[in-house]
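Given next are the chains, with one letter for each unit.
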Number of protein chains: 2
Amino acid sequence: MGLALAQAQAAGARGEVPVGAVLLAPDGTVLAQDGNRTEAACDASAHAELLVLRAAAARLGSPRLPGCTLVVTLEPCAMCAAAAAAFRVARLVFGAYDPKGGAIEHGARIFQTQGAIHHPEIIGGVRETEAAALLQDFFKRLR
Amino acid sequence: MGLALAQAQAAGARGEVPVGAVLLAPDGTVLAQDGNRTEAACDASAHAELLVLRAAAARLGSPRLPGCTLVVTLEPCAMCAAAAAAFRVARLVFGAYDPKGGAIEHGARIFQTQGAIHHPEIIGGVRETEAAALLQDFFKRLR
């Protein structure tokens, strides 16, 4: 989560919403790390999670990432939560909870949907205060 | 939808699940068209919908596509439905319903979630029989 927080900080410095993510191989090796790039990439899907999922899959040469762990500083939205399922990650670790945009413990509750096929292990609230502070500072500066 | 069906057919011929999508500008111009590429691209997020959303946004130089229409041969999954919201498309037109993986009228019901901010106009079942037949033929051949 330290690496993900550093990526979030770097995203904020680029003027992007400060969310960062890391994708870990089953043995803990870092396969990919990145932060939000929606504005710079002109791509509303360029959330940190999707970027590291795609980068890790490209690196491994497989559209699926069994045994891998996705670490992200903010509770994923429905797009990224469903993407984590599509890539078949084994574990999802996130920092701050997002009652407005999150889709794990809020909103669409992707993994609690009837018929959801893939159920990664989920650990929320890891270094929550730091992850939330980055976002609060960013939006405070915008206002 | 005719263009989307042709893209679905082409995807099937490449050995991909035959789903195709088209992204239309507010004036009806085709901004992007593509089919599933999850296997070839080693990218579980390379669904037809995400590919055309990203391509159209890149073409327009904006992460958002207000006034645009996403046409796809199959009811989008949660990832693609939430992506359509993230890209702020005005209209979502789909062919076959997908009781197993769909997230518009089934599963996560992305746009019916409490707190969903973006609500595109939704038209389902357009040339449903043709879109469904492509998928049925594909999976019949796999067995």
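Sequence order as written defines residue numbering, which begins from 1 separately in each chain. To read the labels, note that chains go from A and ligands from 1, taken in the order they are written. Note on the predicted model: pLDDT of at least 70 is required for a residue's local features to be given, and 80 or more for side-chain atom pairs to be given and counted; whole-chain, interface and lining totals, by contrast, use all residues. With hydrogens and water excluded, all non-hydrogen atoms of the structure serve as input to the side-chain values.

## Describing the sheet that holds strand β1 (residues 20-24) of chain A
All names here are of chain A.
Then, number 1: For two strands to pair, DSSP has to find at least two bridges joining them. Only runs of H or I of at least four residues qualify as helices and only runs of E of at least two qualify as strands under DSSP, and these elements are numbered from the N terminus. Pairing in this open sheet of five strands is mixed, and the strands run β2-β1-β3-β4-β5 from one edge to the other. Edge positions in the open sheet fall to β2 (30-35) and β5 (121-123), since each of these has one partner strand only. The sheet shows a mean angle of 15 degrees between the axes of neighbouring strands, taken without regard to direction.
Then, number 2: In this structure, strand β4 (residues 91-96) lies alongside β5, joined through three bridges in parallel fashion. The residue of β5 that forms the bridge with arginine 91 is glutamate 121.
Then, number 3: Contacts were defined at the residue level, with two residues in contact if any of their heavy atoms lie within 4.5 Å. Helix axes use the C-alpha atoms of the stretch in contact, all axes being lines fitted to C-alpha atoms, and the angles between their N-to-C directions lie in the range 0 to 180 degrees. Helix α2 (residues 48-60) contacts β1, β2 and β3 (69-74) of the sheet and is inclined by roughly 150 degrees relative to β2.

## Points about the sheet that holds strand β4 (residues 91-96) of chain B
Residues and elements named next belong to chain B.
Then, number 1: Across the sheet, five strands lie side by side as β2-β1-β3-β4-β5; this open sheet has mixed pairing. At either end of the open sheet lies a strand with only one pairing partner, and these are β2 (30-35) and β5 (121-123). With direction set aside, neighbouring strand axes in the sheet form an average angle of 15 degrees.
Then, number 2: Alignment of strand β1 (residues 20-24) against strand β3 (residues 69-74), held across four bridges, turns out to be antiparallel.

## As for the side chain of Asn36(A)
Residues and elements named next belong to chain A.
Then, number 1: By the element assignment, asparagine 36 lies in the loop between β2 and α2.
Then, number 2: Judged by its relative accessible area of 7%, asparagine 36 is buried.
Then, number 3: Those residues in contact with asparagine 36 that sit more than four places away from it in its chain are Ala11, Arg14, Glu16, Val17, Val19, Ala46, His47 and Ala48. In this scheme, a residue with accessible area under 20% of its type's maximum is buried, one over 50% is exposed, and one in between is partly exposed, where area comes from a 1.4 Å probe on protein chains only.

## Some details on a nonpolar patch on the surface
Then, number 1: A contiguous nonpolar patch, built from Val17(A), Phe139(A) and Leu142(A) and spanning about 250 Å² of accessible area, is present on the exposed surface.
Then, number 2: Its place among the elements puts Phe139(A) in helix α4 (residues 128-142). Each patch is built from salt-bridge-free residues with over 30% relative accessible area, joining like charges within 9 Å and nonpolar side chains (Val, Leu, Ile, Met, Phe, Trp, Tyr) within 5 Å. Reported accessibility uses the Shrake-Rupley method at a 1.4 Å probe radius. Residues are deemed covered only where the shown protein chains occlude them. Whenever a carboxyl oxygen of Asp or Glu lies within 4 Å of a side-chain nitrogen of Lys or Arg, that contact is scored as a salt bridge.

## Side note on the interface of chain B and chain A
Then, number 1: Each partner contributes to the interface: chain B provides 27 residues, whereas chain A provides 27 residues.
Then, number 2: Where chain B touches chain A, the interface holds four salt bridges.
Then, number 3: Whenever two N or O atoms come within 3.5 Å, that pair is a polar contact, provided that in protein one can donate a hydrogen and the other can accept it, and provided that, for residues adjacent in sequence, both atoms are side-chain atoms. At the surface where chain B touches chain A, the tally comes to four residue pairs in polar contact (both at pLDDT 80 or more).
Then, number 4: Those elements that place two or more of their residues in the side of chain B that touches chain A are α2 (48-60) and α3 (78-86) of chain B.
Then, number 5: Residues that form the side of chain B that touches chain A fall into these classes: 15 nonpolar, seven polar and five charged. Charged residues are taken to be Asp, Glu, Lys and Arg, nonpolar residues to be Ala, Val, Leu, Ile, Met, Phe, Trp, Tyr, Cys and Pro, and polar residues to be all remaining types, Gly included.

## Observations concerning the nonpolar core
Then, number 1: What is meant by a nonpolar core is a set of buried Ala, Val, Leu, Ile, Met, Phe, Trp, Tyr and Cys residues, joined one to another through side-chain atoms within 4.5 Å. The biggest cluster of nonpolar side chains holds 98 residues, and the ones touching the most others in it are Leu23(A), Leu65(A), Ile110(A), Leu23(B), Leu65(B) and Ile110(B).
Then, number 2: With residues up to four places along the chain from it excluded, the contact list for Leu23(B) reads Thr29(B), Val30(B), Leu31(B), Ala32(B), Val52(B), Leu53(B), Ala56(B), Leu65(B), Cys68(B), Thr69(B), Leu70(B) and Val89(B).

## Let's talk about the pairing of β3(B)
Residues and elements named next belong to chain B.
Then, number 1: The element β3 is largely enclosed, with a buried count of six among its six residues.
Then, number 2: Note: β3 against β4, five bridges, orientation parallel. Across the sheet, threonine 69 pairs through a bridge with arginine 91, a residue of β4.
Then, number 3: Whether a crossover is right-handed depends on one test, that the path from the first strand over the helix to the second runs clockwise when the strands point away from the viewer. A crossover connection joins β3 to the parallel β4 through α3; in handedness this β-α-β unit is right-handed.

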